[in-house]
Amino acid sequence: MSNTCKYCGAVLEEGSVICANCGKVVPRTHRAAVHSNANQFSAINTSMYKNEQITDSKRQFQPTMESSSQTYNKVRKHVADQVYNKNRKGQHSNNSIKMNFANTNFDAQAKNFRATELETTSGNEKKSSLHPVLNKLGWIIAALVFIYFAFGGIMILITKNDTYDFDIPGSNPLVADTYGEAIYNYFDSGWWHYRFTKGVYFTGERAGKEYEVYFGVENKKRVVTKLVEDGKEVDASDLMGTRIMGMFMADKRA
């Protein structure tokens with residue numbers, strides 16, 4: 001017994017599920033095929049990925065993909081997934097899905113992918129994975145630099161506001177109370193510095209001579225450990241009692 005196709009009117013052979021004339025699925029087999037063969041979707045999908053005709057197509061593929069069979073397989077699988085899912089959403093029968101897979105030129109569709117997109121999805125994973133590492137390294141370096149300058153600024157501030165108890169008999173002739181005031185009164189110009197290897201020191205000029213004043217801590221008191229005048233270190237056994245006390249006794253600037 002034969003039926004006619006409701007779409008084009010062509011005569012259908014008994015048991016036909018697809019019209020040979022228009023290619024439409026015969027409605028009476030639609031639900032039966034979907035429900036009885038639902039478990040075969042994954043099997044059909046898998047078999048299409050393993051199509052042996054892929055070997056000949058790979059030889060004609062773009063040069064950018066010939067260097068990576070893994071990239072080729074990924075793109076072809078992506079195209080096959082799109083065709084398969086589209087047919088499932090449209091509720092096509094099992095045989096219809098199989099026929100669409102067989103008639104789909106996955107290689108031609110895969111060629112439409114840009115080379116840059118292919119390289120991004122397969123060839124640059126290691127390169128892109130370096131970006132987070134470099135980003136973290138940059139933040140660590142920036143944090144260390146900030147901590148260094150912040151610590152140096154704090155050490156300079158402490159030194160400038162520190163003082164020294166000079167042993168002076170009788171009245172106290174000192175004009176300055178702190179190292180900051182003494183330095184400001186004594187030198188014509190200058191600048192405070194901090195270096196990890198040198199600590200806190202001051203470079204200044206007075207009466208045409210250049211000075212370097214280095215600070216340290218001795219017996220829990222902040223003292224001047226070295227004084228350099230015009231590039232030569234001042235040889236003095238008692239810097240605090242001779243040269244530095246004179247800075248504290250210098251006239252106050254207006």
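Nothing here was measured: the structure is a model prediction, and the numbers come from that model.

Description of the packing of aromatic side chains
Move 1: As enumerated under the stated definition, the model contains 13 aromatic pairs in all.
Move 2: Geometrically, the ring pair formed by Tyr148 and Tyr194 is tilted, given 5.9 Å between the ring centres and 55° between the ring planes. Of this pair, Tyr148 sits in helix α10 (residues 130-160) while Tyr194 sits in strand β3 (residues 189-195), placing them 46 residues apart in sequence.
Move 3: Using a relative accessible area of 13% as the deciding quantity, one classes Tyr194 as buried.
Move 4: Geometrically, the ring pair formed by Phe151 and Tyr194 is edge-to-face, given 5.7 Å between the ring centres and 75° between the ring planes. Here the residue Phe151 occupies a position in helix α10, and Tyr194 occupies one in strand β3, the gap between them amounting to 43 residues.

Digging into the pairing of strand β6 (residues 221-229)
If a strand is regular, its side chains alternate between the two faces of the sheet.
Move 1: For strand β5 (residues 209-218) and β6, the ladder comprises 8 bridges, and the chain directions are antiparallel. By the bridge assignment for β6, Glu212 is matched with Val228.
Move 2: Hairpin geometry of β5 and β6 is characterised by an intervening segment of 2 residues between the two adjacent antiparallel strands and by a positive phi of about 55° at Asn219.
Move 3: As judged from the 2 bridges shared by β6 and strand β7 (residues 232-233), these two strands associate in the antiparallel manner. Of the residues in β7, the one forming a bridge with Glu229 is Lys232.
Move 4: Once β6 ends, the chain turns through 2 residues before running back antiparallel as β7, passing Asp230 with a positive phi of about 50°.

Here we look at the nonpolar core
Move 1: Ranked by internal contacts, the top residues of the largest apolar core, which has 26 residues, are Phe187, Val213, Phe215, Val224, Ile244 and Met247.
Move 2: Sort the elements by how many residues they give to this core and helix α12 (residues 240-248) lands first, with 5 residues.
Move 3: Residues in contact with Ile244, not counting those within four places in the same chain, are Phe166, Tyr179, Val224 and Leu239.
Move 4: Ranked by size, the runner-up nonpolar core spans 5 residues in total, among them Cys5, Ala10, Cys19 and Val26.

Cut-offs used in this document
- Residues numbered from 1 in each chain as written.
- Predicted model: local features only at pLDDT ≥ 70, side-chain atom pairs only at ≥ 80, totals over all residues.
- Heavy atoms only, no water.
- Phe/Tyr/Trp six-rings, centres within 6.5 Å; stacked < 30°, edge-to-face > 60°.
- Helix = DSSP H or I, 4+ residues; strand = E, 2+ residues; numbered from the N terminus.
- Buried < 20%, exposed > 50% of the residue type's maximum accessible area, 1.4 Å probe, protein only.
- Pairing = 2+ DSSP bridges.
- Core = buried A, V, L, I, M, F, W, Y, C linked by side-chain atoms within 4.5 Å.
- Contact = heavy atoms within 4.5 Å.

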